[in-house]
Structures are given as C-alpha cells and as structure tokens.
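This is what each chain is made of:
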Amino acid sequence: MTMRGGPGGMGGPGGRFLEEEEIQQTPKVTKELLFRIFSYLKPYWKQMAIVLIAIIISSAFSIYPSILTGKIIDEGLIGRDMNKLIFYIVLSLVVTLISNLIGVLESYFNTWIAQHITFDMRNQMYNHLQQMSQRFFTSNNQGDIITRMTSDIDGVQMIITNTFTSILSNVITLTIALVAMFQKNWVLAVVGIIIVPLFTLPTRKAGKTRWSITKEAQACNDEMNTILNETMSVSGQLLVKLFGREDKEYNKYYEVNEKMISLNIKESMAGRWFRVVMSTISSVGPMILYFVGGLLMMKYNSDVTVGDITVLVSLLGRMYGPVNSLLNIQVDWIRSMAMFTRIFEYFDMDIEIKNAENPIKLTNIQGNIDFENVFFQYNEDRMILKDINFSLKSGNSIAIVGPSGSGKSTLINLIPRLYDVTKGSVKFDGIDVRDIDLKELRDAIGIVSQDTYLFNGTIKENLLYAKEDASEEEIIEACKKANIHDFIMNQEKGYDTEVGNRGLKLSGGEKQRISIARVLLKDPWVMIFDEATASLDSISEKAIQDAIDPLIEERTSILIAHRLSTILAADEIIVLKDGEIVERGKHQDLINKNGVYTDLYNTQFKIEGMNDNACD
Ligand code: ATP
C-alpha cells in the first residue's frame, strides 16, 4: 500500500514506517469504527466472497510449482524418467497459468469493490459537504477539504485493494509454504524459519534509512511547489512585480532547487544501496539451506533429496515478501484506521443549517421582510448584530449603510439562511425563515455579492447557472437590463467569451454587471445588492447604477450602499454601527441629525456624489 507518495511501495523487504505524528495520533479502534467500516463493505459481500475464494485458490496454486520443482529434479531428472519430466513440467505450467488467471479475476473484483466503495464515499461526502454551512467553509482550510475528498478517499481504495487482500494472500501463502517445507524436511524447515526474520530485519533497517531521505526530498518538493503556487499565480506575480521581488524570489527558488538536486542524488544512491543489501542478503539464505542440506545428506545420511533441498530453497524465496508484508501490517492498519477516522469525522460534522422537519412551502409570495430583535454572533466571544429590528414591505427598498465591519453583510446573510440568528427571528412574508422550505426561500432571494464569483467558463455558461433553461431572448434581456449586453456583443466571441479563472479576464465592473444579469435571470422576489467597496471609475459606476435602478423599482430590495446614488434610490436608510441600528430615515432627515450618517456622508458619500455629479 503506497500512501501519500511515501516509499511504501518499494515492494520486497524494506517496508513501510510510521511518521512521528502518526504514532502520536494513532486512532482509537472501537467496535463502532469497525462496524462502520464494515457497513461500507456489506453491500458488496457477494463480490467479496468471490475475491476471497479467488485469493485462496491463486495463493495455493502459486506455491505449487515450487513443490513440483522437487519432483522434476528427483523423479524426472535424477530418476531419468522422460514421461514424468514432461508431465511435471506441463503440470507446473498449467498450474501457474491457472493461478495467474484466477489472479486476474481476483484483481478485477477487488478493484471493482474498491472503486464502488470509494464511489459511494465520495458521493456521500460531496453531498454532505454541500449541506455544510458557510461557517464550515469560512473556518476550514480549502486544502484540507480537498485532501479529504481526494487523498483520504483514494487511500481507502488502496486499503481495500491492497491491504486487506495482501494480508489474506500472504497468510495463505506462508501457511502453505510452511506446511510444504515441514513435509519435505523438518530440520531444513526450522532453518528456513530462523533465516527469514534474520534476513528480513536488516533490510527493514536499510529501508528506514532510505525512507528518511525520501521524506526529506518530499518536504523539499513541497517547498518548491509552494513557491511555484505562490509566485506563478496571477495575483502572486502581480505582487512580485510591483514590489520588485524578482531577484529575491529567484534566489529562494534557486536554493530550494539546489537542495533538491543533492537530495535526489542521495535518494537515488540510497535506493541503489538498498537493493544491494536486499539482493546480497536474500542470496545468503539459499546458500545456508544448501549448506545445511548438504550436511544432512553427506554427514548425517539423511534421506533428504536434491529435489527436496531445491523445493525448500524455492519456498524460502517465496517467504520473504509475505513475511515482510505481514511485519508491515501494524503500519497499514494504523494508517487505514486513521484515514477512515478522518473521513468519518467529516461525515459526523453537524449540518448546521437544516431544512425544517415540516417545512412551509411558500405560496403567494409577497416579499415582505422583518427583522425582530435579531442578535447574531459568529463565535462565542463577540456579538456581531445586536437587537436589529426593521420591516421591509413588499416592493420597497432599504439602504444599509455603516462603517466597515459594522455588520452589513452579516445582516443580509441571515435572510437566505447562510447563517441562522443567535436570538430573535428573521421573517419572510411573516414566517420565520427557519420554518420555510430552504430551497424555496433561497429561490425567492437573489444576492449580488461584493465578491463576485464567476466560474471558469463562458459568459453564457455563467449566466445559465441561474436558470439552466433560459432562452436566448431571456439572456439578452437580462444582460440589457444589467447594462452589459453591448459590452458582450463587442467581444469577438460575444456570449461565448471565456471569463478566465474566477472571471479574472473581466474588470470588476463587468463582472458585477454580469452577476446582476445572472440574478435577473433567476428573477427573485427579493433582491439584495452588496455594493462593492472598491471604487470603480465613474462610467462603470454609472453603468452599474443604471442596472440596479430598475431592479429596485420592480421588487423588494436591500442595498448595502457605499455610494450616494444608490442610497438616494432607496425608500429608507438604516445606519449600522458596531452591529446596532443607530439611525434610520430619509437622507435629508439623517443629514439634519448630524450623527453617524452625516459623518459617513462627509467622508464617503459626499465626495463620490460630487464625482457622480461631475460626471453627469
Ligand atoms: P464591509 O463594509 O467592510 O464589507 P460589513 O459591515 O459588511 O463590512 P461584516 O462583513 O458583516 O461587515 O462583518 C462584521 C464583523 O463580523 C466584522 O468585525 C468581521 O470581522 C466579523 N466577521 C465577518 N465574517 C466573519 C466570520 N465568518 N467569522 C467570524 N467573524 C466574522
């Protein structure tokens, strides 16, 4: 079993080793864990039975030619019997062929089972992760999530295809080999039993040395990949260029590259030495058997034959691999259990945002929104929203303004239940959002977020994400409303223009207008617009403003606003500060209050408003 690129797959004696961290974090193997693993195997018990039978037959058959060698020598060659010689040779070939054919059958079913189990697990995991809340995705490292979905689940496949079957086939091979050896000559069999571990252990020691060099080379390789990932990305290169770090980055890369070369040479030589140790040691074993066999024949007049000695030598050669594999069981077992435990840990994570048991279906949607004494906290330590109360009537619009970090985005995330309130309630058409069918609730709400996300693909594909069956006319209408149609038509490939990785081939304003068009295609009852804080040029701003104005007219809207024009378009303004509503009303009334809003107006909106006017 090769795990995470470790040198475990070196085959013969040498073996696999646990890392410090793995030894410390050895999982507790409970009855529940074993039952749970077993539950994944259970649906495939018929195929497993075939594998089991196939392993038994092929292991037994694979040993048989070694036993036949004795007969070929004693009865055929030394006995000078041509018929017997031919018979045993043919028998040996037929047995080998059958053993190999059964081996193929076993591999097929084995791979089939492993692939189906990983198929089940991957789907189950993906489905589970999709139901996890935003909290999960913001607090877990994306790399960790991907590792569990890929390496850990692939590891499970390895365990099934390699570990389980190799244990079984090794035990069978060893048992048959030992029985056959004792049948031939017990003295030589005992010598053989002593020889195997004596020669397996030193090769394990040599393997360990090689393994530690490989580990070092891997760490170096990881370091190199990190440098490449960081500096060869679009944003990374931008940073390198803007800060003139080319030389520094090159030197860093050069050093790691240099270290890598010497480690690679060392690793390759260690591999060579390892093979030398292995082959020397494994050739000493047969010599000892020949010597002891010779002693028995010549000095002690034993009835052991040349054929018997040859059989014993051949069987001895067949024992190194299985013994070494079985010595590795502990490593494989601990790794397997750790892998299953890690995967189950994810499965056991609570789904925070669940559909209600008897969810209420939305009929006759109006699009009224009420916040009633809403409190919210991400973590125990800090209350982000405090006692928020407001009502937004169908067709009206509200602008939420406030200093950065005051909780504006958090507030809107509570409406489509990206998070649930800590206290109080958010109501949609008078029903607590937690009681409404989650899909229907989210269908009724459209959000244009600050951080516009476009998938790698064409503009059209990105638009269709909102409505798969949208017609050409609908797409064009939405894009016209979002003020992006002309831009798209000016591109060489029009709607088939590739947007690039995360939409990076488009400007911030273009991306935002595409995402407005995308929400328009969804045609939600309530529209939430989280205005980007990054300032756009006045032409882009005007284009976006022209795109949102009609939206606000048509439906219930909440606008997180940073620009005066957006604020003025709303029916009411709510001013948030430190998670509390500190002021509310119309623009002029708020200005007259001379409070937080006036401060924001003087520092932010007024200047932009002046720019807008200048542009108009
Ligand atoms: P901005 O105008 O800069 O976008 P905002 O008013 O929208 O700010 P929020 O994004 O709602 O502010 O953040 C409110 C507070 O909650 C901030 O102090 C922020 O650090 C914190 N916060 C936001 N998201 C999380 C999260 N996932 N986990 C923990 N704290 C968070």
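All of these numbers come straight from a predicted model, not from anything done at the bench.

Chemist: Looking at this structure, how should I read the overall build of the protein?
Modeler: Regarding its fold elements, the protein presents 21 helices and 10 strands. Taken over the C-alpha trace, the protein has a radius of gyration of 36 Å; the compact-globule value for 616 residues is 25 Å, which it surpasses by more than 25%. For the protein, the C-alpha atoms occupy an extent of roughly 120 × 60 × 50 Å along the three principal directions. Taken across its 616 residues, the protein has 45% of its residues classed as buried. Across the protein, contacts joining residues at least 24 apart in sequence account for 76% of those joining residues at least 6 apart. With the model as given, the accessible surface of the protein reaches about 32400 Å², and the carbon-plus-sulfur share is 56%. Charge centroids of the protein, computed over 62 positive and 75 negative side chains, lie 8 Å from each other.

Chemist: Honestly, the sheet that holds strand β1 (residues 369-376) in this entry has me stumped. Any pointers?
Modeler: Sheet strands pair via backbone hydrogen bonds, and the direction of the pair is either parallel or antiparallel. Spatially, four strands are ordered β2-β1-β4-β5 in an open sheet, and the strand pairing comes out antiparallel. Two strands lie at the open edges of the sheet, namely β2 (385-392) and β5 (431-432), each paired on one side alone. Judged from the five bridges that link them, β1 and β2 form a sheet pairing that is antiparallel. Across the sheet, residue Asp370 finds its bridge partner in β2, namely Ser391.

Chemist: Looking at this structure, I do not really get the domain arrangement of the protein. What am I missing?
Modeler: Note on interface size: it is often stated as the accessible area lost on association of the parts. Partitioning the protein into domains gives domain 1 (10-185 + 321-350), domain 2 (186-303) and domain 3 (447-523). Centre-to-centre separation of domain 2 and domain 3, based on C-alpha positions: 53 Å.

Chemist: Where do I start with the sheet that holds strand β3 (residues 397-401) in this structure?
Modeler: Taken together, six strands build an open sheet; the order of strands is β6-β7-β8-β3-β9-β10 and the sheet is mixed. Looking along the sheet, the strands with just one partner apiece sit at the ends: β6 (445-448) and β10 (580-585). Going across the sheet, the axis of each strand differs from the next one's by a mean of 20°, ignoring polarity. Relative to β6, helix α17 (residues 508-522) is tilted by about 175°, and along the sheet it contacts β6 and β7 (526-530).

Each value, and the rule that gives it
Residues numbered from 1 in each chain as written. Predicted model: local features only at pLDDT ≥ 70, side-chain atom pairs only at ≥ 80, totals over all residues. Heavy atoms only, no water. Helix = DSSP H or I, 4+ residues; strand = E, 2+ residues; numbered from the N terminus. Rg over C-alpha atoms; globule rule 2.2 N^0.38 Å. Buried < 20%, exposed > 50% of the residue type's maximum accessible area, 1.4 Å probe, protein only. Contact = heavy atoms within 4.5 Å. Areas by Shrake-Rupley, 256 points an atom, 1.4 Å probe, with all protein chains shown as cover. Lys, Arg positive; Asp, Glu negative; His and termini not counted. Charge placed at Lys NZ, Arg CZ, Asp CG, Glu CD. Pairing = 2+ DSSP bridges. Domains from an automatic or database assignment. Axes fitted to C-alpha atoms, helices over the stretch in contact; angles between N-to-C directions.

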